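# Summary of structural features
Listed below, chain by chain, are the residues.
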Amino acid sequence: EPEVTQTPSHQVTQMGQEVILRCVPISNHLYFYWYRQILGQKVEFLVSFYNNEISEKSEIFDDQFSVERPDGSNFTLKIRSTKLEDSAMYFCASSDRTGRYNYGYTFGSGTRLTVV
Amino acid sequence: KQEVTQIPAALSVPEGENLVLNCSFTDSAIYNLQWFRQDPGKGLTSLLLIQSSQREQTSGRLNASLDKSSGRSTLYIAASQPGDSATYLCAVNQAGTALIFGKGTTLSVSS
């Protein structure tokens, strides 16, 4: 079964450093997403991406965050200057359609980001 | 603003019991609802997706129902096993938003 692959599985970084989280969505999917889950809290939406641009973003996704699809397969989330409160599990997801025609999202196994 | 609530927050049952997990949402204008399983420190595994026009979906020992008008969904697990121990998340998909998740029900099945 097709998978969404995320790397690394765990990253520790110092406060103020830049991090890039990487994802390889399912190859025929067109819609890509980042979510995060702070320990003990709900999974929260960050951003969605379609046709090489952001289609939607939450209030969490401020100027410190950016996304990119640098080639035909990778989808990245960059945090420019990490804060302690950025520590969370970050999930990448993809889908082949959106809205009422969406038949489900496939999530990756996540990257646990720890900011020290 | 859509809110998704899952009750109970935690549930412990002995092996073999049938159980029901509940999910409610405040805005009934959804496209679909998806149930996920999350093992500790791991990713989200999709279990079942119910379109807004459907009433239920089944996969093995799992059955999910949807009552869109009342804003409720249930996940029924038959003959529970220790391997079913995990957190079960409910999420809704609606116009103009990405998936909105509940906080989950953490299930523990003892042998």
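Presented here is a report on the structure given in the accompanying data block.

Conventions we followed
Residues numbered from 1 in each chain as written. Chains lettered and ligands numbered in written order. Predicted model: local features only at pLDDT ≥ 70, side-chain atom pairs only at ≥ 80, totals over all residues. Heavy atoms only, no water. Helix = DSSP H or I, 4+ residues; strand = E, 2+ residues; numbered from the N terminus. Rg over C-alpha atoms; globule rule 2.2 N^0.38 Å. Core = buried A, V, L, I, M, F, W, Y, C linked by side-chain atoms within 4.5 Å. Buried < 20%, exposed > 50% of the residue type's maximum accessible area, 1.4 Å probe, protein only. Contact = heavy atoms within 4.5 Å. Pairing = 2+ DSSP bridges. Axes fitted to C-alpha atoms, helices over the stretch in contact; angles between N-to-C directions. Phe/Tyr/Trp six-rings, centres within 6.5 Å; stacked < 30°, edge-to-face > 60°. Salt bridge = Lys/Arg side-chain N within 4 Å of Asp/Glu carboxyl O. Polar contact = N/O pair within 3.5 Å; in protein donor to acceptor, adjacent residues only side chain to side chain. Nonpolar A, V, L, I, M, F, W, Y, C, P; charged D, E, K, R; others polar.

### Some remarks on the overall build of chain B
Of regular secondary structure, chain B possesses zero helices and 11 strands. Each helix (α) and strand (β) of chain B, taken in turn from the N terminus, gives the series β-β-β-β-β-β-β-β-β-β-β. For 111 residues, the compact-globule estimate of 2.2 N^0.38 gives 13 Å, and chain B sits close to it at 13 Å. Its C-alpha atoms give chain B principal-axis dimensions of about 45 × 30 × 20 Å.

### Section: the nonpolar core
Judged by nonpolar contacts, the single largest core of 23 residues is most densely connected at A:Trp34, A:Leu46, A:Phe61, A:Val67, A:Phe75, A:Leu77 and A:Tyr90. Every element with two or more residues in this core is listed here: strand S3 (19-24), strand S4 (31-37), strand S5 (43-50), strand S7 (65-68), strand S8 (75-79), strand S9 (88-95) and strand S11 (111-115) of chain A. Ignoring any residue separated from it by four or fewer positions in sequence, one finds A:Tyr90 in contact with A:Gln6, A:Leu21, A:Trp34, A:Tyr35, A:Arg36, A:Leu46, A:Phe65, A:Leu77, A:Ile79, A:Gly110, A:Thr111 and A:Leu113. With 22 residues, the next largest nonpolar core counts B:Leu33, B:Trp35, B:Leu62 and B:Leu107 among its residues.

### What about the sheet that holds S8(A)?
Residue and element names in this part refer to chain A. Pairing is antiparallel across the open sheet formed by four strands, whose spatial order is S1-S3-S8-S7. Looking at which strands have only one partner, the edges of the open sheet turn out to be strand S1 (5-7) and S7. Here the average twist between neighbouring strands, direction ignored, is 20°. Both S1 and S3 contribute to a ladder of three bridges, which runs antiparallel. Note that in S3 the partner of Thr-7 across the bridge is Arg-22.

### Some words on the packing of aromatic side chains
Residues and elements named next belong to chain A. Per the stated rule, a full pass over the model turns up 13 aromatic pairs over all chains. Summarising the aromatic geometry, the rings of Tyr-35 and Phe-107 are spaced 5.4 Å apart at their centres and angled 55° between planes, so their arrangement reads as tilted. Separated by 72 residues along the polypeptide, Tyr-35 in strand S4 and Phe-107 in strand S10 (residues 106-107) bring together distant segments of the chain. A centroid spacing of 6.4 Å and a plane angle of 80° characterise the contact between Phe-91 and Phe-107, whose relative ring orientation is edge-to-face. Separated by 16 residues along the polypeptide, Phe-91 in strand S9 and Phe-107 in strand S10 bring together distant segments of the chain. For the residue pair Phe-91 and Phe-107, the accessibility class agrees, reading buried in each case.

### A look at the sheet that holds strand S7 (residues 62-67) of chain B
Residue and element names in this part refer to chain B. Taken together, the five strands give an open sheet; going across it, the order is S1-S3-S8-S7-S6, and neighbouring strands pair in antiparallel fashion. Either end of the sheet is taken by a strand with one partner, and the two such strands are strand S1 (4-7) and strand S6 (56-59). On average, adjacent strands in this sheet sit at an angle of 15° to one another, irrespective of strand direction. For S6 and S7, the ladder comprises four bridges, and the chain directions are antiparallel. Counterpart to Thr-58 in the pairing with S7 is Asn-63.

### A few points about the interface of chain A and chain B
The interface is formed by 20 residues belonging to chain A together with 23 residues belonging to chain B. For the pair chain A and chain B, the number of links is zero salt bridges. There are seven residue pairs in polar contact (both at pLDDT 80 or more) connecting chain A and chain B. Looking at the side of chain A that touches chain B, the elements with two or more residues in it are S4, S5 and S9 of chain A. Taken together, the residues that form the side of chain A that touches chain B break down as eight nonpolar, eight polar and four charged.

### A look at the pattern of salt bridges
A complete count under the given rule lists three salt bridges over all chains for this structure. In this structure, B:Arg37 engages B:Asp39 in a salt bridge whose closest nitrogen and oxygen atoms are separated by 3.0 Å.

### Side note on the environment of A:Val47
Residues and elements named next belong to chain A. Tracing the backbone shows Val-47 in strand S5. Given the relative accessible area of 0%, Val-47 is considered buried. Considered as a pair, Val-47 and Trp-34 are 13 residues apart in the sequence and their alpha carbons are 5.4 Å apart. Apart from the residues within four sequence positions on either side, Val-47 is in contact with Phe-32, Tyr-33, Trp-34, Ile-54, Glu-56, Lys-57, Phe-61 and Val-67.

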